[in-house]
Amino acid sequence: ENMRRSVRKYWELPDTSVDRYVYIIDEATGLPELPWMQVKRYKQPSTIYDPHAKYNRDTITRDYRIENDTALGPIDDGEMTRRVFFDGLYTMKLTFRLDNVDLGPFAIVHYRWTVSTEYNFAVRGGNIHLELHMSKSLVDGTGKSLADPFGGFLWLNFVIIFLALLSQIMSIRALAKSFALYQKTRRSIGFVSWSTISFYDKMRFVNVWFYVMALGSICNLVASILNLTNDTGETDAPLPAALFTGLGCLFAWVNMVRYLEYSDKYYTLIHTLKRGMPNVGRFLVGAFPIFFGYALFGVAFFSDYSDKFSNLDKSSVTLFSLLNGDIIMETFQDIYAADGFISRFYLYTFICLFIYAVLNIFISIIEEAYYMAK
């Protein structure tokens, strides 16, 4: 029924959506493009349920065009009963595409959306994983990639490349001067053994902000080059371009803090972190095994009852949210079905330990470092 509803919504979308979406016309038929279903099934599904047979993981994949919500490919074509179909099903994906227009300030941009709903039966055990995937690409009226996917901002990539190269040259010069001073000092202090000088004192010859500026320049340079060479028309891809763009912006703005170091009042955050992070790091190392143990217990005991503990990643995210005071009541209710007493004891002890003890000790360490930095 969920797939039938999705097919119906596809055919109703241009008339019912708030924004304007249009069908992609199939050049062969001159009609709107049909949704398609991709079905992956086990070749020998009987081996899954026979305890005496060797489990065969081989699968076969077939694609079906869906004309309406009453003809869902193998579900309705009578080739096999629905029971047989679902017993051998591995994954089933329904996909459709639509065009949309963005009236931007510099150009009219045509988007092509691809929407897929995937039903994953691979795990089973009473669980069917449902995933929604959406992506968009830039196209013109004929469906070809735009020659200029960046509109009026294409010139900005060249400006960034120029500034990043200039910044990188300045960073390299500054690092070279610091290294030369380091070598000169090492040779000149004959009355003190170089090995007796602490690592912290040695690192004072090198300004860490130069490394931050150099990393930011490299990221901005790589991001701009990737943007200029991206002719696929994809707006959500490539991921490396988005990653380097984000890192470049992050390092560039973090590097702005260096200009505040001449005023202690505005540089208090950095002074606090320099004094507090060593103690915070040691404290977190001691607290991490306890946190990790709670996360593992949550996966082992509550994964069948709550999606919040379905795997180690989600369990860790849930516990981190709890220690920051989020979704507490919701989590209490969510895992109660597993076992009332154990679920309550699990959350009571975790919250008391990590909110009342760990979190407050963490704050105390930072607070002490803050007062030392003032």
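Use the structure listed above.
Fair warning: this is a prediction, and the values are worked out from it, not measured in the lab.

Asks: So what exactly am I meant to see when it comes to the packing of helix H8 (residues 268-302) against helix H9 (residues 312-323) here?
Replies: Helix packing geometry: the angle between the two helix axes and the distance between the axes. Where H8 contacts H9, the axes come no closer than 9 Å and their chain directions differ by 120 degrees. The angle between the axes of H8 and H9 places the two elements in the oblique class. Here H8 and H9 pass one another in a crossing that is right-handed. Facing H8, whose interface residues are Phe-291, Phe-292, Tyr-294, Ala-295, Leu-296, Gly-298 and Val-299, H9 presents Leu-312, Ser-315, Ser-316, Leu-319, Phe-320 and Leu-323. Residues belonging to the contact of H8 with H9 are distributed by class as follows: ten nonpolar, three polar and no charged.

Asks: Would you mind showing me how to read the pattern of salt bridges here?
Replies: When the charged atoms of two side chains lie near each other, side chains of opposite charge can form a pair. Applying the stated criterion across every chain yields a total of six salt bridges. The partner of Asp-87 in a salt bridge is Arg-83, with the nearest N and O atoms 3.1 Å apart. Remark: Arg-83 and Asp-87 occur in helix H3 (residues 82-87); sequence separation between them is four residues, near one turn of the helix. Among the residues examined, Arg-83 registers a relative accessible area of 56% and is labelled exposed. Across the pair Arg-112 and Asp-99 runs a salt bridge, and its minimum N-O distance is 2.8 Å. Note that Arg-112 is positioned in strand E5 (residues 108-124) and Asp-99 in strand E4 (residues 89-103), a separation of 13 residues in sequence. Pair check on accessibility: Arg-112 and Asp-99 agree, each one buried.

Asks: Hey, could you run me through the nonpolar core in this one?
Replies: Nonpolar side chains tend to gather and get buried jointly when the protein is soluble and globular. In terms of nonpolar packing, the biggest core is built from 22 residues, with Leu-319, Tyr-346, Phe-350 and Phe-354 touching the most fellow members. Looking at this core, the elements with two or more residues in it are H8, H9 and helix H11 (340-373). With sequence-adjacent residues up to four places away left out, Phe-350 is seen in contact with Phe-291, Tyr-294, Leu-319, Leu-322, Leu-323 and Ile-355. Among the nonpolar cores identified, the runner-up in size contains 14 residues, and Ile-66, Leu-72, Leu-89 and Met-92 belong to it.

Asks: Looking at this model, I keep getting lost on the environment of Arg-57. Mind explaining?
Replies: As for its position among the elements, Arg-57 is in the loop between helix H2 (46-49) and strand E3 (59-65). Assessed through its relative accessible area of 63%, Arg-57 is described here as exposed. Once the C-alpha coordinates of Arg-57 and Lys-43 are considered, the two residues, 14 residues apart in sequence, prove to be 7.9 Å apart.

Cut-offs and rules
- Residues numbered from 1 in each chain as written.
- Predicted model: local features only at pLDDT ≥ 70, side-chain atom pairs only at ≥ 80, totals over all residues.
- Heavy atoms only, no water.
- Axes fitted to C-alpha atoms, helices over the stretch in contact; angles between N-to-C directions.
- Helix = DSSP H or I, 4+ residues; strand = E, 2+ residues; numbered from the N terminus.
- Parallel < 35°, antiparallel > 145°, perpendicular 65-115°, else oblique.
- Left-handed = near helix turned anticlockwise from the far one by under 90°.
- Contact = heavy atoms within 4.5 Å.
- Nonpolar A, V, L, I, M, F, W, Y, C, P; charged D, E, K, R; others polar.
- Salt bridge = Lys/Arg side-chain N within 4 Å of Asp/Glu carboxyl O.
- Buried < 20%, exposed > 50% of the residue type's maximum accessible area, 1.4 Å probe, protein only.
- Core = buried A, V, L, I, M, F, W, Y, C linked by side-chain atoms within 4.5 Å.

Just distances and angles here, no functional claims.
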